[in-house]
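Spelled out from the first residue to the last, the chains are:
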Amino acid sequence: MPPMEFFDSATYSIQFQVNSEWRKVRIRAADTLLDALREGLGLTGSKSGCDNGDCGTCTILVNGLPIKSCIMLAVEADGQQITTIEGLTNSPMLQAFAEKQAFQCGYCTPGFIVNCHGLLNILPDADDETIRIWLESNICRCTSYEEIREAVKSVFLAHSTDGVP
Amino acid sequence: MIPIDFEYYRPASISEAVESFQYLSKHKKNPMYYGGGTEIITWARTNAIHPGAVIDIKLIPECNVMDFAGNTLVLGSCITLSALSMVNPFPLLSESATGVADQTARNKITLGGSICGRIHFREAVLPLLLADSRMVIAGSQGIREVPIHDVFLQQMRLAVGEFIVQVNTDRKYLSLPFIHSKRRQIGNVGYPLVTLAALKKDNRIRTAFSGVCAFPFRSLEIEQVLNDKALTPTERVDQAIDKLPAPVLNDTEGSVGYRKFVLKQTILEALSKLGG
């Protein structure tokens, strides 16, 4: 057997930084990151929607990059920095969604907020077209798209008028 | 939740990956190479595939290269589609990549995965077919570089235990005039009715298609007709459609008739824009 890192089909302990805190979790090699966050760590803000990488309601940040946690194995996150909606409680994006009432049932909301928070950090000067493209990653069955777009744009506008480079 | 168990291996070199595959095959583990893993996860979730082990090749340095070696663009198979678009070393490939899935999914989907996927669209391969790219493939016999036309015939033809390490493309192709047009039934995200990638080299238009038939393709016969200046553009397109390599898809995205209609308009626009 070649000497290398491997995880067999029994449960294993991995460790990653979730919302700035190092956490250990026992997983199967076949567990998705969404499974590990919800079932292993009790972080249920990331929702299970399509489980197929389509709807975006399970979106989290991995090293700052939005990822659909239903299409990432938990073992891939070993040693990485994860941000979930629970880590964004005081973020401008979350506040904007609340102020603009950019939701109806709210099930998709964590995914939208996390994705757009990631966009703000990666491309703080994102133009309308870029925002539109990034918003396509998430689906809102209640069709709150206009309010969502308004909320997201308000954060980018505030960011630019604050003079943040 | 994935209802099956499998083992997970994370080799740090090409040789470790190949040896792992051989070892796991020998032990009846039905191993699969794992890049972005999006298709493996979604197929495994629905019990459509049953790997006993996955070999994650993302830590292999050669699979993460995105750089020039002389006049060759070298792209590692584990480069994500969003990274490709962000860095943009090959604008036509960037446009093709941007048409796949959605922005967040593209943060996970890799170039190699997009080419090797079971889902038949495999749109990232179109620019590589047009640019006569070369595939660097690793397996038990070592590492070989092969023209893409020799190994991508409707789908990647890899021997058991092989995986794509890199894709090499000559610099001269990267800045040629091109068109990329993806037509969907509705909206901006989803599978194509027709995807056309076209590139103009030496005053001739090269074309490759996805979504039209059950596999992506580049056809020299079609290019011959499309570049026949003795014919009107409409005649060229009509004859090109007669030379499609397989039946046109007929599914919920679009009927045969509708697909042909969209295909015709898409090619005509490409000819017009590229001055064909």
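Being a predicted model, the structure only gives us computed values, none of them experimental.

S.K.: Please clarify how the overall build of chain A should be interpreted in this entry.
M.R.: A tally of regular secondary structure across chain A gives five helices and six strands. Since a compact globule built from 165 residues should have a radius of gyration of about 15 Å, the 17 Å found for chain A is in line with a globular shape. Along the three orthogonal principal directions, the C-alpha set of chain A runs to about 55 × 35 × 25 Å. Looking at chain A as a whole, 50% of its 165 residues qualify as buried. Considering only contacts within chain A whose residues lie at least 6 apart along the sequence, 56% involve residues at least 24 apart.

S.K.: Explain the environment of Ile109(B) here, please?
M.R.: Residue and element names in this part refer to chain B. With respect to the helices and strands, the residue Ile-109 is situated in the loop between helix H5 (103–106) and helix H6 (111–116). A relative accessible area of 13% means that Ile-109 is categorised as buried. Along the backbone, Ile-109 and Gln-265 are 156 residues apart, and their C-alpha atoms lie at a distance of 30 Å. Those residues in contact with Ile-109, other than ones at most four positions away along the chain, are Thr-38, Ile-79, Thr-80, Leu-81, Val-100, Ala-101 and Ser-114.

S.K.: I would appreciate a short explanation of the packing of helix H3 (residues 109–122) of chain A against helix H4 (residues 128–135) of chain A in the present structure.
M.R.: To describe two helices that pack against each other, one gives the angle between their axes and the distance between the axes. All names here are of chain A. Between H3 and H4, whose axes approach to 10 Å, the crossing angle comes to 145°. Seen along the crossing, H3 lies across H4 with a hand that is right-handed. Touching Phe-112, Asn-115, Cys-116, Gly-118, Leu-119 and Ile-122 of H3 are Thr-130, Ile-131, Trp-134 and Leu-135, all from H4. Taken together, the residues of the contact of H3 with H4 break down into seven nonpolar, three polar and no charged.

S.K.: Whenever I open this one, the pairing of strand E5 (residues 65–68) of chain A confuses me. Can you help?
M.R.: It is a general feature of regular strands that their side chains alternate between the two faces of the sheet. As judged from the four bridges shared by strand E4 (residues 59–62) of chain A and E5(A), these two strands associate in the antiparallel manner. If you follow Thr59(A) over to E5(A), its bridge partner there is Lys68(A).

S.K.: Would you explain the interface of chain B and chain A in this entry?
M.R.: Size of an interface: often given as the accessible area lost when the parts come together. At the junction of the two partners, chain B supplies 32 residues and chain A supplies 37 residues. When the two sides are added together, the surface that chain B and chain A hide from each other amounts to roughly 3000 Å², 59% of it contributed by carbon and sulfur. Together, Tyr8(B), Arg10(B) and Thr104(B) form the three largest contributors to the area buried by chain B at its contact with chain A, with a combined 21%. Our count for the chain B to chain A interface comes out at five salt bridges. The salt bridge partner of Arg28(A) is Asp5(B), with a shortest N-O separation of 2.7 Å.

S.K.: Quick question: what am I supposed to make of the packing of aromatic side chains here?
M.R.: Here a ring pair, both rings aromatic, is described through the centre-centre distance and the interplanar angle of the planes. All names here are of chain B. Counted under the stated rule, the structure contains eight aromatic pairs over all chains. Where Phe-21 meets Tyr-33, the ring centres are 4.9 Å apart and the plane angle is 25°; that geometry is what we call stacked. Here Phe-21 is found in helix H1 (residues 14–26), whereas its partner Tyr-33 is found in strand E2 (residues 31–34), with 12 residues between them in sequence. Of the two residues examined, Phe-21 and Tyr-33, each falls in the buried class.

S.K.: Explain helix H5 (residues 145–161) of chain A to me, please; I cannot follow it from the model alone.
M.R.: Residues three or four positions apart in an α-helix share a direction because the helix packs 3.6 residues into each turn. Residues and elements named next belong to chain A. In this model, H5 (17 residues) spans 24 Å end to end at C-alpha, consistent with the 24 Å of a helix rising 1.5 Å per residue. Along H5, the residues that are buried comprise Ile-148, Ala-151, Val-152, Val-155, Phe-156 and His-159. Across the axial projection of H5, the buried residues extend over an arc of 125°, all falling on one side. Facing away from the buried side of H5 by over 90 degrees, the exposed positions are Glu-146, Leu-157 and Thr-161. In the core, the buried residues of H5 are packed alongside helix H2 (92–99), H3 and H4.

S.K.: I would appreciate a short explanation of the confidence of the model for chain B in the present structure.
M.R.: Low pLDDT marks regions whose predicted coordinates should not be analysed in detail. Counting all residues, the mean pLDDT for chain B is 96, and 100% of those residues have values of 70 or more. Taken together, the chains of this predicted complex give a pTM of 0.95 and an interface ipTM of 0.94.

S.K.: Sorry, what's going on with the sheet that holds strand E2 (residues 12–18) of chain A here?
M.R.: Two strands in a sheet stick together by hydrogen bonds in their backbones, pointing the same way (parallel) or opposite ways (antiparallel). All names here are of chain A. Read across the sheet, five strands follow the order E3-E2-E6-E4-E5 without closing on themselves; strand pairing throughout is mixed. Each edge of the sheet is formed by a strand with only one pairing partner; in this case those strands are strand E3 (21–27) and E5. Direction aside, the axes of adjacent strands within the sheet are offset by 40° on average. Alignment of E4 against strand E6 (residues 81–83), held across two bridges, turns out to be antiparallel. Bridged to Leu-61 within E6 is Thr-83. Of the strands in this sheet, E4, E5 and E6 touch H3, which is tilted by about 30° from E4.

S.K.: It is not clear to me how the UniProt feature "domain: FAD-binding PCMH-type" (unreviewed entry) in chain B should be interpreted in this structure. Could you clarify?
M.R.: Feature annotation in UniProt places "domain: FAD-binding PCMH-type" (unreviewed entry) on residues 1–174 of chain B, given in this structure's numbering. Taken end to end, residues 1–174 of chain B is 32% helix and 26% strand, and its two terminal C-alpha atoms sit 41 Å from one another.

The rules behind these values
Residues numbered from 1 in each chain as written. Chains lettered and ligands numbered in written order. Predicted model: local features only at pLDDT ≥ 70, side-chain atom pairs only at ≥ 80, totals over all residues. Heavy atoms only, no water. Helix = DSSP H or I, 4+ residues; strand = E, 2+ residues; numbered from the N terminus. Rg over C-alpha atoms; globule rule 2.2 N^0.38 Å. Buried < 20%, exposed > 50% of the residue type's maximum accessible area, 1.4 Å probe, protein only. Contact = heavy atoms within 4.5 Å. Axes fitted to C-alpha atoms, helices over the stretch in contact; angles between N-to-C directions. Left-handed = near helix turned anticlockwise from the far one by under 90°. Nonpolar A, V, L, I, M, F, W, Y, C, P; charged D, E, K, R; others polar. Pairing = 2+ DSSP bridges. Buried area = accessible area lost by both parts, 1.4 Å probe. Salt bridge = Lys/Arg side-chain N within 4 Å of Asp/Glu carboxyl O. Phe/Tyr/Trp six-rings, centres within 6.5 Å; stacked < 30°, edge-to-face > 60°. Expected span 1.5 Å × (residues − 1). Arc of directions from axis to C-beta. pLDDT = per-residue confidence, 0-100. UniProt positions renumbered as here; feature names shortened; annotations may be inferred.

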